[in-house]
Amino acid sequence: MKIAFVVVGALLVVLVALVVVSTQTGQRQVSLIVSNGTVVTMDASRRVIPGGAVVIDGTDIVAVDTADAIAAQFRGGETIDASGQVVLPGLINTHTHAPMVLYRGLADDLALMDWLTKYMFPAEARTVSPEFVRAGTRLAALEMIQSGTTTYADMYYFEEEIARTTKAAGLRGVLGQTIIQFPVADAKTPADALARAEAFITAFTGDPLITPAVAPHAVYTLDAETLRAARDLSRRHAVPTLIHLAESADEMKTAQERFRATPVAYLDGLGFLGAGVLAAHAIWVSEPEIRLLQARGVSVSHNPESNMKLASGIAPVTEYVRAGVATGLGTDGAASNNDLDMFDAMRTASLLQKVRTGDPRALGAGTALEMATIGGARALGLASQIGSLEPGKRADLIVVGMSAARQTPMYDPVSHLVYTTRGDDVRTTIVNGRVLMRDRKMLTLDEAAVLTEARAWVPKVRAAVN
């Protein structure tokens, strides 16, 4: 007991000393300072601060300025030296299916409908369980943290397990409980899925890291009644609606045959479209429909690599941007990409639009980076909280190394981030003020254990499709 009192007394002395020093120097004591890096803020004026610093206290950013200016005002309980590196907002992946990393490479070089109906749906029917979802989400979280994603939007089953695993890893998520017409692992009917979605919303409303959402799968896997019910559930609880929309020519053909309308027109006729809807893919959309999506307040998630791999088409992204549609970037699930690297998504998105339009100025580096940061935050309805490095926003940021041969020399950090950087260049990842990875060392996940667990699923998944 005496030893305990001595230890407590010593700690009090240290705390008092820190307060006295801070008072004498006029410095404010904060929890963490990331200093001496090139800070790419993505704020309204798109400031880039050489030799900059970001001040974090608890979960929030409290200041962004030059390192000298910060040093005169703040004292960090912890510091991270970002010399020779770039500091930027954490990347925001606006569309994925996290547990599907366990299907990575399972079925490649197929069109979307063949890929879904002949491989993915059967594999899911035989393997998806709470245990599968937890293992897949842990692997996805590891990959995202290591490659600089700090927020992701998800659509899958047993979403409450995804939420718990996401929180344990320290990531931020906009997570949608999937609703689909046929029996799946966590719901035998659409009514069951809707009930699960409402329970999920109730459980996670107000959570500091998890934004619950409703995720009706697509117009070709749901009837009108269920689509309306899913959207009504979102509106009733004021949560996002995540849906695949106009992803392939086959979807367009199906919609025309069943509804005598395009997918966009069909959903609009149901009263489905509106603020809070995030449409994934949105490839087969006309210019009048782009204007309609903008007028309705619908956001879009562009998934260039998955779209290319499944030969689904090329989304009219420059037109979305020009029309003022809130547009973010996504990787889609690793089963159709086959990774969750948002740096790859930025580079591919930019290059693909240049080829599509024949204009090398189309979707420049600055716009691509915006789509992966503040643009993604807007698409998810979170721009007041994340997506840029500004006082008052949540402390979600990454530190990217710039010392590799392929990154030398560096003239323009924004260009380098989009056209040169890869996910494994990320050195440090911070979410909500918590350091999840520091200098490539994972702090919230046991990397070896996560990989071992994921590999144990390989024979079960292989058996499911043989």
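Residues numbered from 1 in each chain as written. Predicted model: local features only at pLDDT ≥ 70, side-chain atom pairs only at ≥ 80, totals over all residues. Heavy atoms only, no water.

### Some thoughts on the overall build of the chain
Within the chain, the secondary structure is distributed over 18 helices and 17 strands. The globule rule puts the C-alpha radius of gyration for 466 residues at 23 Å, and the 23 Å found for the chain is close to it. The proportion of buried residues among the 466 residues of the chain is 58%. Considering only residue pairs separated by 6 or more positions, the chain has 73% of its internal contacts joining residues 24 or more positions apart. On the chain, roughly 18000 Å² of surface is accessible, and the fraction owed to carbon and sulfur atoms is 56%. (Helix = DSSP H or I, 4+ residues; strand = E, 2+ residues; numbered from the N terminus. Rg over C-alpha atoms; globule rule 2.2 N^0.38 Å. Buried < 20%, exposed > 50% of the residue type's maximum accessible area, 1.4 Å probe, protein only. Contact = heavy atoms within 4.5 Å. Areas by Shrake-Rupley, 256 points an atom, 1.4 Å probe, with all protein chains shown as cover.)

### Some words on the packing of helix α6 (residues 190-204) against helix α7 (residues 224-237)
One can describe the packing of α6 onto α7 by two numbers: an axis separation of 11 Å at closest approach and a directional angle of 10 degrees. If you check the angle between α6 and α7, you find them roughly parallel. Residues P190, L194, A197, E198 and I201 of α6 form the contact with α7, whose own contacting residues are T226, A229, A230, L233, R236 and H237. Grouping the amino acids of the contact of α6 with α7 by side-chain chemistry returns 7 nonpolar, 2 polar and 2 charged. (Axes fitted to C-alpha atoms, helices over the stretch in contact; angles between N-to-C directions. Parallel < 35°, antiparallel > 145°, perpendicular 65-115°, else oblique. Nonpolar A, V, L, I, M, F, W, Y, C, P; charged D, E, K, R; others polar.)

### As for α6
Because an α-helix completes one turn every 3.6 residues, residues spaced three or four positions apart along the sequence face the same direction. Relative to the 21 Å expected for 15 residues at 1.5 Å per residue, α6 spans 21 Å between its end C-alpha atoms, a close match to the ideal helical length. If you check which residues of α6 are buried, you get P190, A193, L194, A197, F200, I201 and F204. Down the axis of α6, the smallest arc covering the buried residues is 120 degrees, so these residues share one side. For α6, exposure combined with an orientation more than 90 degrees from the buried face picks out A191, T202 and A203. In this structure, the buried side of α6 is in contact with α5 (159-169), β8 (172-179), β9 (210-216) and α7. In the segment just after α6, G206 is the residue with positive phi, at about 85 degrees. (Expected span 1.5 Å × (residues − 1). Arc of directions from axis to C-beta.)

### Concerning the packing of helix α4 (residues 130-146) against helix α17 (residues 447-455)
Put simply, α4 and α17 touch, their axes get as near as 9 Å, and they point 135 degrees apart. The angle between α4 and α17 places the two elements in the oblique class. Viewed along their axes, α4 and α17 form a crossing whose handedness is left-handed. Contacts between α4 and α17 involve A135, R138, L139, L142 and Q146 from the first element and E447, V450, L451, E453 and A454 from the second. Along the lines of polarity and charge, the residues of the contact of α4 with α17 split into 6 nonpolar, 1 polar and 3 charged. (Left-handed = near helix turned anticlockwise from the far one by under 90°.)

### Concerning the environment of E305
Of note, E305 is situated in helix α11 (residues 304-309). The exposure class of E305 is buried, given its relative accessible area of 14%. Separated by 44 residues in the primary sequence, E305 and A349 place their C-alpha atoms 8.0 Å from one another. With residues near it in sequence (within four places) discarded, E305 still touches N337, D339, D341, D344, A345 and T348.

### Points about the pairing of strand β16 (residues 434-438)
Here 3 bridges tie strand β15 (residues 426-431) to β16, and the two strands are oriented antiparallel to one another. Bridge assignment links V431 to a residue of β16, and that residue is R434. Between β15 and β16, which pair antiparallel one after the other, the connecting turn spans 2 residues, and N432 there sits at a positive phi close to 55 degrees. Here β16 pairs with strand β17 (residues 441-442) via 2 bridges, running antiparallel. (Pairing = 2+ DSSP bridges.)

### Brief notes about the confidence of the model for the chain
Low pLDDT marks regions whose predicted coordinates should not be analysed in detail. Here the chain averages 94 in pLDDT, and 95% of its residues register 70 or above. This model gives residues 1-8 a pLDDT under 50, and the stretch forms 0 contacts once residues within four places in sequence are excluded. Segment residues 10-22 is flagged for pLDDT under 50; beyond a separation of four residues in sequence, or across chains, it makes 4 contacts in the model. (pLDDT = per-residue confidence, 0-100.)

### Considering unusual backbone geometry
Residue N337 is joined to N338 through a cis peptide bond whose omega torsion reads 20 degrees. Along the chain, N338 turns up in the loop between β13 (327-329) and α13 (342-357). Positive phi is not limited to glycine here, since R46 has a value of about 55 degrees. Here R46 shows up in the loop between β1 (28-40) and β2 (48-57). We note that R260 has phi near 55 degrees; this positive angle belongs to a residue other than glycine. By secondary structure assignment, the location of R260 is in the loop between α8 (249-259) and α9 (263-269). According to the relative accessible area criterion, R260 is exposed, its value standing at 75%.

### Concerning the packing of aromatic side chains
Scanning the entire structure with this criterion turns up 6 aromatic pairs. Seen in terms of ring centroids, Y103 and F132 are 5.2 Å apart; in terms of plane orientation they differ by 35 degrees. Their pairing is tilted. Of this pair, Y103 sits in the loop between β6 (91-96) and α3 (112-127) while F132 sits in helix α4; the two residues are 29 residues apart in sequence, bridging distant segments of the chain. As far as burial versus exposure is concerned, Y103 and F132 are alike and both buried. Residues F121 and F182 carry aromatic rings whose centres are separated by 5.1 Å and whose planes lie at 65 degrees to one another, so their mutual orientation is edge-to-face. Of this pair, F121 sits in helix α3 while F182 sits in the loop between β8 and α6, and the two are 61 residues apart along the sequence. With a relative accessible area of 32%, F182 lands in the partly exposed category. Members of the aromatic cluster, connected to one another through ring pairs, are Y103, F132 and W457. K460 extends its terminal NZ or CZ atom over the ring of W457, reaching a point 4.3 Å from the ring centre. (Phe/Tyr/Trp six-rings, centres within 6.5 Å; stacked < 30°, edge-to-face > 60°. Lys NZ or Arg CZ within 6 Å of the ring centre and 35° of its normal.)

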